[in-house]
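Next come the chains, spelled out residue by residue.
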Amino acid sequence: MHSTRTGDRPAVEPSRIEVALGERAYPVLIGPGVRHRLPAEVTRIGARRVVVVSARPAEWTPDPGVPHRVVPARDGEHDKTLSTVEQLCRVFADFGLTRSDAVVSCGGGTTTDVVGLAAGLYHRGIAVIHLPTSLLAQVDASVGGKTAVNLPEGKNLVGVYWQPRAVLCDTEHLGTLPEREWRNGYGEIARAHFIGAGDLRDRPVDEQIAACVALKAQVVAADERDAGLRHILNYGHTLGHALEIATDFRLRHGEAVGIGTVFAGRLAGILDRIDARRVVEHREVVAHYGLDTALPAGVDHDELIALMRRDKKATSGLSFVLDGPTGPDLVVDVPESAVRAALAGM
Ligand code: GLY
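Everything numeric here is computed off the predicted structure, so don't read it as measured data.

(A) Highlighting the site of the ligand. Residues in close proximity to the ligand include Asp140, Lys146, Lys216, Arg230 and Leu233, which together make up its full environment. Taking Lys216, its side chain carries an N or O atom lying 2.7 Å from an oxygen atom of the ligand. Here Arg230 contributes a side-chain N or O atom positioned 2.7 Å from an oxygen atom of the ligand. Calculation on the ligand without its partners gives an accessible area of 200 Å², and the protein chains cover 88% of this total.

Next up, the structure:
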């Protein structure tokens, strides 16, 4: 179902997408081997010394081309803590990084999140270049400047907006991913179908990534601080986040977002925002990407509703980003009866 093939095109030039944020604009390069462009990006931004924080083996961690130190990291929620941020900042200080130097992250979304936050705090902010190595991090997490760590009280509760200076999405990294990591990324690609990326089924993975990044770049350029439009990126996420918590994170983020996307279609149908055909399309698209479309056995609807009421985006009652006649919108004060009806039979 998936492959890192890049279509029948002979060219190996990477896709280049600009995140247009004025003097903080940056490029996202997507394609096989783009990690080897790291030295050129380090030179472009004028960094003289670099700390590379990498969750990948040495052969997958590129040399930045300037004096550097490599710090091993682990992908996963367990290390997404303030104590990891402190440890990283202490390495930066020990290596003598100054504000004219840079940090590089190489790993999945949890690594780009925590390294991005450390870079955003050290010396009140130094340059960071992300090398996302998972599909999820390439299509979403590494682009847009959201950084965060977890607290025992909840996920992503401490963070800053800190835009990278460049993002290098090397599709060769994807060849090393286990099946479940692919599904994790496909959840975000499936939800992109309904928020403006178009039908990406049957497109080569580099084109799927480029389409998702182009959409995200446009949204972030218009609403960097999540005051309005950026909410659409959370399509399928309200139930998705609730499912992650209710299953004690046995469901991966993208898997939960896939189910949340099917639910968003059902809810939009119940609220007469979309027709029956479009509701079915939600299930078909999510299933196409090899993702579950039904709620996992045993999850309690009352618990899901309580968790969704506490969602960060829920400013007024139960709130969801839902498809509609003019595209996706944040819909607030959704009646609980409609939410229960959408959950029933899923
Ligand atoms: N992952 C959603 C956002 O970046 O806003």
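Read on, since the account is not over.
(B) Focus on the packing of aromatic side chains. If you walk through the whole model with that rule in mind, you get five aromatic pairs. Between Phe92 and Tyr122 the ring centres are 5.4 Å apart and the planes differ by 80°, which places this aromatic pair in the edge-to-face class. With Phe92 in helix H2 (residues 82–95) and Tyr122 in the loop between helix H3 (109–121) and strand S6 (127–132), this pair connects stretches of sequence that are 30 residues apart. The pair formed by Phe92 and Tyr122 is uniform in burial state, with each residue classed as buried. Across the ring face of Phe95, the terminal group of Arg49 is positioned such that the distance to the ring centre comes to 4.1 Å.

(C) Quick peek at a nonpolar patch on the surface. Together, Leu82, Leu151 and Leu157 make up an exposed nonpolar region whose accessible area comes to about 230 Å². Within the element layout of this structure, Leu157 appears in strand S8 (residues 154–158).

(D) Quick look at empty space enclosed by the protein. Within this structure, the stated rule accounts for three cavities of 30 Å³ or more. In terms of lining, the largest cavity is formed by Asn234, Tyr235, Gly236, His237, Thr238, Leu239, Gly260, Phe263, Ala264, Phe320, Val321 and Leu322. Elements with a contribution of two residues or more to the lining of the largest cavity: helix H7 (237–246), helix H8 (253–270) and strand S10 (320–322). In terms of residue class, the lining of the largest cavity is made up of seven nonpolar, five polar and no charged.

(E) Molecular detail of the confidence of the model for the protein. Taken residue by residue, the protein gives an average pLDDT of 94. The fraction at 70 or more is 95%. The low-confidence segment residues 5–10, where pLDDT is below 50, has 10 contacts with residues more than four positions distant or belonging to other chains.

(F) Structural view of H7. By the criterion of burial, H7 is predominantly enclosed, with seven of the 10 residues buried. Those residues of H7 lying buried are His237, Thr238, Leu239, Gly240, Ala242, Leu243 and Glu244. Against S8, helix H5 (179–192), H8, helix H10 (301–309), S10 and helix H11 (336–343) lie the buried residues of H7. Just downstream of H7 lies Asp248, where phi reads positive at about 55°.

Thresholds applied
- Residues numbered from 1 in each chain as written.
- Predicted model: local features only at pLDDT ≥ 70, side-chain atom pairs only at ≥ 80, totals over all residues.
- Heavy atoms only, no water.
- Near = heavy atom within 4 Å.
- Polar contact = N/O pair within 3.5 Å; in protein donor to acceptor, adjacent residues only side chain to side chain.
- Areas by Shrake-Rupley, 256 points an atom, 1.4 Å probe, with all protein chains shown as cover.
- Phe/Tyr/Trp six-rings, centres within 6.5 Å; stacked < 30°, edge-to-face > 60°.
- Helix = DSSP H or I, 4+ residues; strand = E, 2+ residues; numbered from the N terminus.
- Buried < 20%, exposed > 50% of the residue type's maximum accessible area, 1.4 Å probe, protein only.
- Lys NZ or Arg CZ within 6 Å of the ring centre and 35° of its normal.
- Patch = residues over 30% accessible without salt bridge, like charges linked within 9 Å, V, L, I, M, F, W, Y side chains within 5 Å.
- Salt bridge = Lys/Arg side-chain N within 4 Å of Asp/Glu carboxyl O.
- 1 Å grid on protein atoms, 1.4 Å probe; cavity = no way out; pocket = protein on both sides within 12 Å on 5 of 7 lines; lining within 4 Å.
- Points joined across faces, edges and corners; volume = space filled by probe spheres on them.
- Nonpolar A, V, L, I, M, F, W, Y, C, P; charged D, E, K, R; others polar.
- pLDDT = per-residue confidence, 0-100.
- Contact = heavy atoms within 4.5 Å.

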